[in-house]
There are 2 protein chains.
Amino acid sequence: MKLPVPGSPVRGSQSGQPIMALFDLLGRSWAMGILWNLNEDALNFRQLQQKCESVSPGVLNTRLKELRQAFLITRSEDGYVLTETGRSLFSLLQPLGKWSLEWAQQFKTDHA
Amino acid sequence: MKLPVPGSPVRGSQSGQPIMALFDLLGRSWAMGILWNLNEDALNFRQLQQKCESVSPGVLNTRLKELRQAFLITRSEDGYVLTETGRSLFSLLQPLGKWSLEWAQQFKTDHA
DNA sequence: TAGCTTTGCTATTAAATTAATAGCAATGAA
DNA sequence: TTCATTGCTATTAATTTAATAGCAAAGCTA
């Protein structure tokens, strides 16, 4: 799967607007989940796979390559870790955690 | 496609953690793009389709249904609009716009 | 040094999602 | 009554994801 690079057309988007490239990258399966799980500490391949509820190794490996090429994660002695860029992105995603809890309430209240 | 509901297992996630349900929902093609484009003003189906660079009507329709069921958008006289919940989510996504511009710089600098 | 374990994957196939395209029914204006 | 617009549905093809098996390399351990 082609890496979505800002400035070039990406999946579904000819414009290459950085935000669309980002949405493409983050929209791929487990991309945000990986960033989420790497936040706390470094994890090796199999640890990460477990944290991500047995994501298939093929998908995990593809996603890891993409996220590395996108400067969001890197490998350290201890395993995969967020880069500084990755951490700065994570800090923007983090509020979604709390938001999702309130959102979850609506499903109970509005019984959709 | 099954709507990811917090509290129930979702695509790739057995846990049903709200954040994982949210990642599933937002990770589907054009989901974030639709929220992004509906921010400014109400758009009808074909306008939205154009804004989303000719996303196919099938995908657009599927996504609109899901986002409606997830309380994020609704239909008004003027077309599709964000709900209050949708706007609160958008406010969290909004910073990604600026972030993505800085991120785009890295691709130039680091020539990846 | 011959096994055994762990790790990081690759390969294969099947299932699910997305994309591309045509076109239709309903509404409204001319 | 015709024509244009709108909001889709239907169909098929292409792409992505999931599920599973298993292998090569590295590091113990006996």
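Everything discussed here concerns the structure shown above.
Below, the structure is looked at part by part. (Residues numbered from 1 in each chain as written. Chains lettered and ligands numbered in written order. Predicted model: local features only at pLDDT ≥ 70, side-chain atom pairs only at ≥ 80, totals over all residues. Heavy atoms only, no water.)

What about the relation of the copies chain A and chain B?
Now for step 1: Least-squares fitting of chain A to chain B yields an RMSD of 0.0 Å, with the superposition described by an axial translation of 0.0 Å and a rotation of 180°. Those values place the two copies in the arrangement expected of a two-fold rotation axis. When each C-alpha of chain A is compared by its distance to the rotation axis, Gly27 of chain A comes out closest, at 1.9 Å.
Now for step 2: A share of 100% of interface residues in chain A that are also interface residues in chain B marks the association as one of identical surfaces. (Least-squares fit on C-alpha atoms with pLDDT ≥ 70 in both. Contact = heavy atoms within 4.5 Å.)

What to know about the pairing of strand S1 (residues 73-76) of chain B
Residue and element names in this part refer to chain B.
Now for step 1: Direction of pairing for S1 relative to strand S2 (residues 79-82): antiparallel, over a ladder of four bridges. Residue Arg75 lies in a different strand from S2, and its bridge partner there is Tyr80.
Now for step 2: Counted along the chain from S1 to the antiparallel partner S2, the turn is two residues long. (Pairing = 2+ DSSP bridges. Helix = DSSP H or I, 4+ residues; strand = E, 2+ residues; numbered from the N terminus.)

Quick notes on the protein's contact with DNA strand C
Now for step 1: Surrounding DNA strand C, one finds 15 residues, the nearest of these being Phe45, Arg46, Asn61 and Tyr80 of chain A together with Ser29 of chain B.
Now for step 2: Among the atoms of DNA strand C close to the protein, meaning within 4 Å, 58% are from sugar or phosphate groups.
Now for step 3: One of the backbone N or O atoms of Phe45 of chain A is found 2.8 Å from a phosphate oxygen in DNA strand C.
Now for step 4: Within the side chain of Arg46 of chain A, a nitrogen or oxygen atom sits 2.3 Å from a base oxygen of DNA strand C.
Now for step 5: Sorting the residues of the surface near DNA strand C by element identifies helix H3 (45-51) and helix H4 (57-69) of chain A together with helix H4 (57-69) of chain B as the ones contributing at least two each.
Now for step 6: Looking at the surface near DNA strand C, its residues break down into six nonpolar, four polar and five charged. (Near = heavy atom within 4 Å. Polar contact = N/O pair within 3.5 Å; in protein donor to acceptor, adjacent residues only side chain to side chain. Nonpolar A, V, L, I, M, F, W, Y, C, P; charged D, E, K, R; others polar.)

Side note on the interface of chain A and chain B
When the parts of a complex come together, some accessible area is lost, and that lost area is often taken as the interface size.
Now for step 1: Taken together, the contact between chain A and chain B spans 43 residues of the former and 43 residues of the latter.
Now for step 2: Between chain A and chain B, roughly 3,800 Å² of surface is buried when both sides are summed, and carbon and sulfur atoms account for 76% of that area.
Now for step 3: Among the residues of chain A in contact with chain B, Phe71, Trp99 and Trp103 of chain A are the three that bury the most area, contributing 18% of the side total.
Now for step 4: Where chain A packs against chain B, one counts zero salt bridges.
Now for step 5: Put simply, chain A and chain B have eight residue pairs in polar contact (both at pLDDT 80 or more) between them.
Now for step 6: The set of elements that each furnish at least two residues to the side of chain A that touches chain B consists of helix H1 (18-27), helix H2 (31-38), helix H5 (84-93) and helix H6 (95-109) of chain A.
Now for step 7: A total of ten residues in the side of chain A that touches chain B trace back to one element, the largest contributor, which is H6 of chain A.
Now for step 8: Residues of the side of chain A that touches chain B, tallied by class, amount to 28 nonpolar, 13 polar and two charged. (Buried area = accessible area lost by both parts, 1.4 Å probe. Salt bridge = Lys/Arg side-chain N within 4 Å of Asp/Glu carboxyl O.)

Notes on the protein's contact with DNA strand D
Now for step 1: By nearness alone, 14 residues border DNA strand D, and Ser29 of chain A together with Phe45, Arg46, Asn61 and Tyr80 of chain B come closest of all.
Now for step 2: When atoms of DNA strand D within 4 Å of the protein are sorted by moiety, sugar and phosphate together comprise 57%.
Now for step 3: At 3.3 Å from a phosphate oxygen of DNA strand D is found a side-chain nitrogen or oxygen belonging to Asn44 of chain B.
Now for step 4: Between Arg46 of chain B and DNA strand D, the recorded distance is 2.4 Å, taken from a side-chain N or O atom to a base oxygen.
Now for step 5: When contributions to the surface near DNA strand D are tallied by element, the ones reaching two or more residues are H4 of chain A together with helix H3 (45-51) and H4 of chain B.

Points about the packing of H5 of chain A against H6 of chain A
Residues and elements named next belong to chain A.
Now for step 1: H6 packs onto H5 with a crossing angle of 20° between their chain directions and a minimal axis gap of 5 Å. The orientation of H5 relative to H6 falls into the category roughly parallel. Only Pro95, Leu96 and Gly97 of H6 make contact with H5, whose side of the interface consists of Ser91, Leu92 and Leu93.
Now for step 2: Looking at the contact of H5 with H6 residue by residue, the class counts come to four nonpolar, two polar and no charged. (Axes fitted to C-alpha atoms, helices over the stretch in contact; angles between N-to-C directions. Parallel < 35°, antiparallel > 145°, perpendicular 65-115°, else oblique.)

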